[in-house]
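Analysis of the macromolecular model
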Amino acid sequence: MKFNPKKTMKRHIHSYIILLVAAVLLLASCANHPAVPSSCKDAGCLPAIFPDYCDVMVPCNIAPLNFMLPAGEYEECVARFTTPDGSQQTYGDGVKVQIPEDEWHAMLDTSKGKSIKVEVWGRKGDGWLSFNPFEIHIAKEPIDGYVSYRLIEPSYVAWTFMEIAQRNLTTFDESQIFNNEITMNNNRIGQCINCHSYQNYKTDNMLFHVRLSNSGTVIVNDGKVSRVNMKRDYTISGGVYPAWHPTAKLIAFSTNKTRQGFHTLNPNKIEVYDLASDMILYDVETDSVQVVSADSTLLEIYPTWSPDGKYLYYGKSVPLPEEMRDKDIRTTYPKVQYNLVRRSFDVATHKFGEEELVYDAASDDRSVTLPRISPDGRWLLFALGQYGCFHSRHHDADIVCIPLDKYDGTALTWETCSALDLSPVNSKGYSDSYPSWSSNGHWIMLASRRDDDNYSRIYFAYFNNGKVEKAFLMPQEDPELHVTLLKSYNRPEFMVEPVKISVEEFSRVFDP
């Protein structure tokens, strides 16, 4: 055989390339799967990881629970995960633990209905500390695949760019539903976009509001997009806070004249209050508006439907003390309180029954907002604070859950409602608001300011027949994003599917 130096050289180069690629992959694997420290000192406590995922119950389809040790205190972090079958894997890159999605979901599949053991080591200088192990419990029940939210600066004094975004909860994929700059007018006046809402967790029937420039309500009806103006000569305003009927092309709205106040001394930095508000029903098919409740002396807000569509629940204010009824709202707002009421509804005739008082919050010097009923109709969630209708800015606001079967026609109070123990869900001294249910009723979602008192972030908690588990922060690919993203997550809503209409397609409804 004749020797061919060119072919021999090509073979050597090819071999070198293979070895080089293998070496790079090996180094990457070693960097992502570091060795457990050979010697360490026992810290005698749980690790102060952020987010706090110690001993939480999570869905069997959730994205990786990536976390980190405090960067100012530690130089490195190593975590070892052990699944019920004895398989182990280590992770660590600097002070962060970031798990590849495929490896994480393989661990979830192995651990469904059981637990993953997590051991954490942290390096300070030349020494390693070993922390007490903890477990991540994997529920058999999945969470809805998607959640949407508005991203906005937390001050609300002034805003620039804002968006409504959607996130795949099984991965870290996030995409834009709409933003407030795409339809700016010639004077560069943007929009306030808010109050996205869906019918039965699906996106073929949905809406969001656009205010100021090119204002209106963008409604998707069976996948077709339109922009409507719900203001009538007999209503206070167009629709504001929405709730889709579960089966019919009907949307309940409160109509509101809202104002904001900004405090310098009050720890509740921002106050949002109503000057006037009523309850209306909008028929998507006929573009007609029906008044549900219009008491000029009281306020109606935050509608929600029972899962069977037979009842409309909403908050209704109680009369102010006689001596305060003619005073300016800027002085009387701490005395404005809402009870929870409901009306029966006939979907065939669109007729409502008389108003029933369901929960008397004012009798306990409290105010109820944002009611949500579980998909099986058994449980009622709401936010509870001392006063007002905007609890996302009130430090005393907590989430409350009561069994609806306790209501027999006589108004419930705190003493009679048999409220569940939601201490694993609520924070102490920080706002917890915007509660909602997953479509299977096993996951509660809320917006909380517990991490820094400024930014609202999304938390989830497992719910099973009246028992709740410790709430956990929505995972991010880079756990540091929780503190570097200078936006609040506003009005989080569960979805079983993504919004399929593009930003550009939504924008066309604003064309002249």
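Predicted model only: the values in this text are computed from it and were never measured. (Residues numbered from 1 in each chain as written. Predicted model: local features only at pLDDT ≥ 70, side-chain atom pairs only at ≥ 80, totals over all residues. Heavy atoms only, no water.)

With that settled, consider the sheet that holds strand S34 (residues 488–495). Here we have four strands laid out as an open sheet, ordered S12-S11-S10-S34, and antiparallel in their pairing. With partners counted over all chains shown, the strands left at the sheet margins are strand S12 (174–179) and S34, one partner each. Adjacent strand axes in the sheet meet at a mean angle of 25° when their direction is disregarded. Looking at chain direction, strand S10 (residues 146–152) and strand S11 (residues 163–168) are connected through six bridges and run antiparallel. Paired with Val147 across the bridge in S11 is Arg167. (Pairing = 2+ DSSP bridges. Helix = DSSP H or I, 4+ residues; strand = E, 2+ residues; numbered from the N terminus. Axes fitted to C-alpha atoms, helices over the stretch in contact; angles between N-to-C directions.)

Moving on: the nonpolar core. Counting 84 residues, the largest nonpolar core has Phe67, Phe81, Trp104, Val120, Ile136 and Phe460 as the members making the most contacts within it. With six residues, the single largest contributor to this core is strand S31 (residues 457–464). The next biggest cluster of nonpolar side chains, apart from the first, holds 20 residues, and it includes Phe208, Val218, Val499 and Phe506. (Core = buried A, V, L, I, M, F, W, Y, C linked by side-chain atoms within 4.5 Å. Buried < 20%, exposed > 50% of the residue type's maximum accessible area, 1.4 Å probe, protein only.)

Pairing within the open sheet is antiparallel, and its three strands lie in the order S26-S27-S28. What marks the edges here is a single partner per strand, and that holds for strand S26 (367–373) and strand S28 (398–403). The mean inter-strand angle of the sheet, taken between neighbouring strand axes irrespective of direction, is 30°. In terms of strand pairing, S26 meets strand S27 (residues 379–385) through five bridges, oriented antiparallel. Residue pairing for S27: Thr369 is matched across the bridge by Ala383.

Among all positions of helix H2 (residues 101–111), only Trp104, Met107, Leu108 and Ser111 are buried. The buried side chains of H2 occupy one side of the element, clustering within an arc of 100° when seen end-on. Across from the buried face of H2, at angles greater than 90 degrees, the exposed residues are Asp102 and Asp109. Contacts made by the buried residues of H2 are with strand S4 (76–82), strand S5 (88–91), strand S7 (115–124) and strand S9 (134–138). (Arc of directions from axis to C-beta. Contact = heavy atoms within 4.5 Å.)

Let us look at the pairing of strand S14 (residues 202–212). The pairing of strand S13 (residues 191–199) with S14 spans seven bridges and is classified as antiparallel. In the sheet register, Asn194 faces S14, and the bridge partner there is His209. Following S13, the chain reverses through two residues before pairing antiparallel with S14; Asn200 in that reversal takes a positive phi of roughly 55°. Across five bridges, the pairing between S14 and strand S15 (residues 216–221) is antiparallel.

Here Thr369 shows up in strand S26. At a separation of 3.0 Å, a polar atom in the side chain of Thr369 contacts the side chain of His391. Dropping the residues within four chain positions of it, Thr369 is found in contact with Tyr302, Phe382, Ala383, Gly388, Cys389 and His391. (Polar contact = N/O pair within 3.5 Å; in protein donor to acceptor, adjacent residues only side chain to side chain.)

Per-chain confidence: the protein averages 91 in pLDDT, with 91% of residues scoring 70 or above. Within the model, pLDDT remains below 50 along residues 21–31, and this stretch shows one contact once partners closer than five positions in the same chain are excluded. (pLDDT = per-residue confidence, 0-100.)

Now for the packing of aromatic side chains. According to the stated counting rule, one finds 19 aromatic pairs in the structure shown. Ring centres 5.5 Å apart and planes at 75° place the aromatic pair Trp379 and Phe463 in the edge-to-face group. Pair noted here: Trp379 is in strand S27 and Phe463 is in strand S31, with a separation of 84 residues, a long-range link. The exposure classification of Trp379 matches that of Phe463, with both residues buried. Pairing Phe460 with Phe494 gives two aromatic rings, centres 6.0 Å apart and planes at 35°, and the pair type is tilted. Of the two residues, Phe460 is situated in strand S31 and Phe494 in strand S34; the sequence distance between them amounts to 34 residues. Judged by relative accessible area, which is 0%, Phe460 ranks as buried. Through a chain of ring-to-ring contacts, three or more aromatic side chains come together here, namely Phe178, Phe208, Phe506 and Phe510. Here the guanidinium or amino end of Lys124 rests over the ring plane of Tyr74, the centre of that ring lying 5.0 Å away. (Phe/Tyr/Trp six-rings, centres within 6.5 Å; stacked < 30°, edge-to-face > 60°. Lys NZ or Arg CZ within 6 Å of the ring centre and 35° of its normal.)

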